Amino acid sequence: MFIEEVIVVEGKDDTTAIKRAVRADTIETNGSAISAETIRRIQHAQNKRGVIVFTDPDYPGRRIRAIIEEQVQGVKHAFLSKEKTIAKNGKGLGIEHAADEDIRLALQNVYTPRNTLNQTEEIPLHILMKSQLIGHPDAKLRRNRLGELLQIGYTNGKQLQKRLSMFQIGIEQFEKALAQLDQEDLNE
């Protein structure tokens, strides 16, 4: 599998894992304090080939993603759940610990944030609450699984509506994923 876009990862171990799974070029941020030079390299890569941000599913990874999203317009995003990135010894998590097949699947399900010309109607807050994704004892677990089903990563309650909108998740796609989530809950 050859990836045209340049993949932004956090470090050299992530680059090793990406290159083990697919043929791709990477840019390493080397932590969550992204330098101005790294942002310039990411912007140049975005202009030439496009960029996929593929960071760890933890706070530093989400912070890196947010910084890049703010400073480099139109980047794409790939996500893996925490469960798929836990080290075999259980100590640590990151893209470097993911199975090759999981990396390939995440890259096949890349999302491009919407531009203002391609608006998707925002999912109302009352539907998120009614769906037990906000303000419910199981909301965190349900948001985590919904993020996996929609391939948009984990979000907290405040960010869920924004993330759904950013990745153009319409009500139909949302309801389909929610139905699968509810079915899984029934089968437990």
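Residues numbered from 1 in each chain as written. Predicted model: local features only at pLDDT ≥ 70, side-chain atom pairs only at ≥ 80, totals over all residues. Heavy atoms only, no water.

Structural notes on the overall build of the protein chain
Looking only at helices and strands, one finds eight helices and four strands in the protein chain. Its helices and strands in sequence order give the protein chain the pattern β-α-β-α-β-α-β-α-α-α-α-α, from N to C terminus. The globule rule puts the C-alpha radius of gyration for 188 residues at 16 Å, and the 17 Å found for the protein chain is close to it. The dimensions of the protein chain, computed from C-alpha atoms along their principal axes, are 45 × 45 × 30 Å. With 188 residues in all, the protein chain has 45% of them scored as buried. When the accessible surface of the protein chain is summed, it comes to about 10500 Å², and 49% of that surface belongs to carbon and sulfur atoms. Within the protein chain, one finds 27 positive and 27 negative side-chain charges whose respective centroids are separated by 4 Å. (Helix = DSSP H or I, 4+ residues; strand = E, 2+ residues; numbered from the N terminus. Rg over C-alpha atoms; globule rule 2.2 N^0.38 Å. Buried < 20%, exposed > 50% of the residue type's maximum accessible area, 1.4 Å probe, protein only. Areas by Shrake-Rupley, 256 points an atom, 1.4 Å probe, with all protein chains shown as cover. Lys, Arg positive; Asp, Glu negative; His and termini not counted. Charge placed at Lys NZ, Arg CZ, Asp CG, Glu CD.)

With respect to the side chain of D56
In this structure, D56 sits in the loop between strand 3 (51–53) and helix 3 (59–71). This buried residue, D56, is left without a salt bridge; R65 holds the nearest opposite charge, at 8.2 Å. (Salt bridge = Lys/Arg side-chain N within 4 Å of Asp/Glu carboxyl O.)

Thoughts on the confidence of the model for the protein chain
Residues with a pLDDT of 70 or more make up 95% of the protein chain, whose mean pLDDT is 88. Counting interchain partners and residues more than four positions distant, the pLDDT-below-50 stretch residues 114–118 has seven contacts. (pLDDT = per-residue confidence, 0-100. Contact = heavy atoms within 4.5 Å.)

Here's the deal with the pattern of salt bridges
Counted according to the given criterion, the structure contains 11 salt bridges. For E5, the salt bridge goes to K76, with nearest N and O atoms at 2.7 Å. Here K76 lies in strand 4 (residues 76–77) and E5 lies in the segment before strand 1 (6–9), a separation of 71 residues in the sequence. One salt bridge connects R49 with D25, and the closest N-O pair in it is separated by 2.7 Å. One end of the pair, R49, is in the loop between helix 2 (36–48) and strand 3; the other, D25, is in the loop between helix 1 (12–21) and strand 2 (26–28), and 24 residues separate them in sequence. Shared partners join several salt bridges into a network, and the residues in it are E4, D25 and R49.

A few points about unusual backbone geometry
The phi dihedral of N30 falls on the positive side, at around 55°, and the residue is not glycine. Along the chain, the position of N30 falls in the loop between strand 2 and helix 2.

Examining the sheet that holds strand 4
If you walk across this open sheet you meet the four strands as 2-1-3-4, and the pairing is parallel. The strands lining the two open edges of the sheet, one partner per strand, are strand 2 and strand 4. For strand 1 and strand 3, the ladder comprises three bridges, and the chain directions are parallel. Along strand 3, the bridge assignment pairs V8 with V53. Each of strand 1 and strand 2 touches helix 1; the most contacted strand, strand 2, lies at about 165° to it. (Pairing = 2+ DSSP bridges. Axes fitted to C-alpha atoms, helices over the stretch in contact; angles between N-to-C directions.)

A closer look at the packing of helix 6 (residues 139–150) against helix 8 (residues 171–187)
Viewed as axis vectors pointing N to C, helix 6 and helix 8 meet at an angle of 125°, and their least axial separation amounts to 10 Å. The angle between helix 6 and helix 8 places the two elements in the oblique class. When the axes of helix 6 and helix 8 are compared, the crossing they make is right-handed. Residues R142, R145, L146, L149 and L150 of helix 6 pack against Q173, F174, A177, L178, Q180, L181, D182, E184 and D185 of helix 8. Residue classes in the contact of helix 6 with helix 8 are distributed as seven nonpolar, two polar and five charged. (Parallel < 35°, antiparallel > 145°, perpendicular 65-115°, else oblique. Left-handed = near helix turned anticlockwise from the far one by under 90°. Nonpolar A, V, L, I, M, F, W, Y, C, P; charged D, E, K, R; others polar.)

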